[in-house]
Amino acid sequence: MIEGRRQLLRAGLAAFAAGPLWARGAFADDLTKTPKQMEGPFYPTKLPLDTDNDLLIINDGITPAVGEITHLTGRILSPAGEPIRNALVEIWQVDANAAYLHEGSSNAEKRDAHFQGFGRFMTGRTGEYYFRTIKPVPYPGRCPHIHVAVKIKGREKWTTQCYVKGHPGNEKDGIWRSVTDPKQREAITVDFAAIPDSKIGELAAKFDVVL
């Protein structure tokens, strides 16, 4: 079961994170720096025992989390367009019941016990990362979003948030609206698109981060 899961994650990375590699400095003038955003109060105070990049299955469990399966991919890049290797990418988000993996979550009693809620991935030579998670859902006061943090040795942790393109709640969300530059706002608002050949309604979202 565990080896099969590892093969699934490796295959997912190859399928969804593959693409043209960034040459050193290529298109650097066209890159928009991803804006920093607040970490928020719900970064896990106690990390789960399983912190891999598959948030749908905990350890060797067989019951998946509830939600729209989403393959979240992207690259971590420098302002010059250079891929950043060995960057630790972390994500955390609410489950399908809008509960965080955090004791301070307002509806913690409804938390999906099968949703990992937090994951990590170390980038490779092309700066790529990959997570299998669910499409984020809104909760009171916030539109759907995924928190993303990047940790690089010798540098301060860098944090932002990834939003769902076209969601009507975006315009009502003060944190989303706090990004006033149109290009930067576009950079953190991504399309969660249906995968054409998926028989179970999977989605794909690509979120490149330019530090």
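Look a little higher up for the structure.
The notes below deal with the structure included here. (Residues numbered from 1 in each chain as written. Predicted model: local features only at pLDDT ≥ 70, side-chain atom pairs only at ≥ 80, totals over all residues. Heavy atoms only, no water.)

1. A word on the overall build of the protein
- Scanning the protein from terminus to terminus reveals 3 helices and 10 strands.
- Element order for the protein, N to C, with α for helix and β for strand: α-β-β-β-β-β-β-α-α-β-β-β-β.
- Out of the 211 residues in the protein, the part that is buried amounts to 49%.
- A sequence separation of at least 24 residues applies to 74% of the contacts in the protein between residues at least 6 apart.
- In the form shown here, the protein has an accessible surface area of approximately 10800 Å², with 54% of it arising from carbon and sulfur atoms. (Helix = DSSP H or I, 4+ residues; strand = E, 2+ residues; numbered from the N terminus. Buried < 20%, exposed > 50% of the residue type's maximum accessible area, 1.4 Å probe, protein only. Contact = heavy atoms within 4.5 Å. Areas by Shrake-Rupley, 256 points an atom, 1.4 Å probe, with all protein chains shown as cover.)

2. Notes on the pairing of strand β1 (residues 69–77)
- For β1, a buried count of 9 out of 9 residues is recorded, marking the element as mostly surrounded by other parts of the structure.
- Residue alternation in β1 divides its side chains into two sets, I69, H71, T73, R75 and L77 and T70, L72, G74 and I76, and both sets are buried.
- Both β1 and strand β4 (residues 128–134) contribute to a ladder of 7 bridges, which runs antiparallel. By the bridge assignment, G74 is partnered in β4 with Y129.
- Of the pairings in the sheet, the one linking β1 to strand β9 (residues 203–206) comprises 4 bridges and is parallel in character. Within the sheet, the bridge partner assigned to H71 lies in β9 and is A204.
- Here β1 runs beside strand β10 (residues 209–210); their pairing, made up of 2 bridges, is parallel. Each bridged residue has a counterpart across the sheet, and for L77 the counterpart in β10 is V210. (Pairing = 2+ DSSP bridges.)

3. Focus on the pattern of salt bridges
- One pass over the structure, following the stated rule, counts 5 salt bridges.
- Across the pair E90 and K151 runs a salt bridge whose closest N-O atoms are separated by 3.2 Å. Residue E90 is found in strand β2 (residues 88–92), and its partner K151 is found in strand β5 (residues 145–151); the two are separated by 61 residues along the sequence.
- The class of E90 is buried, set by a relative accessible area of 0%.
- Take K151: its relative accessible area is 28%, and that puts it in the partly exposed class. (Salt bridge = Lys/Arg side-chain N within 4 Å of Asp/Glu carboxyl O.)

4. Overview of unusual backbone geometry
- Not every positive phi belongs to a glycine, and N59 is a case in point at roughly 50 degrees.
- Take N59: it is sitting in the loop between α1 (2–16) and β1.
- Under the relative-accessibility criterion, N59 is labelled partly exposed at 37%.
- At A98, a position not held by glycine, the phi torsion is positive, near 65 degrees.
- Among the structural elements, A98 can be located in the loop between β2 and β3 (118–122).
- With a relative accessible area of 15%, A98 lands in the buried category.

5. Some details on the sheet that holds β3
- If you walk across this open sheet you meet the 5 strands as β3-β2-β5-β6-β7, and the pairing is mixed. On the outer flanks of this sheet lie β3 and β7 (189–190), each paired with one strand and no other.
- Relative to β5, β2 runs antiparallel, the two sharing 5 bridges. Paired with I91 across the strands is V148, a residue of β5.

6. Concerning the layout of surface pockets
- Taken as a whole, the largest pocket encloses approximately 290 Å³ of empty space.
- Considering the residues around the largest pocket, the lining is formed by 15 residues, among which E186, A187, V190, K206 and D208 are closest to the centre.
- Elements with a minimum of two residues in the lining of the largest pocket: α3 (182–187) and β7.
- It is α3 that provides the largest number of residues to the lining of the largest pocket, a total of 3 residues.
- Here the lining of the largest pocket is built from residues that sort into 7 nonpolar, 3 polar and 5 charged. (1 Å grid on protein atoms, 1.4 Å probe; cavity = no way out; pocket = protein on both sides within 12 Å on 5 of 7 lines; lining within 4 Å. Points joined across faces, edges and corners; volume = space filled by probe spheres on them. Nonpolar A, V, L, I, M, F, W, Y, C, P; charged D, E, K, R; others polar.)

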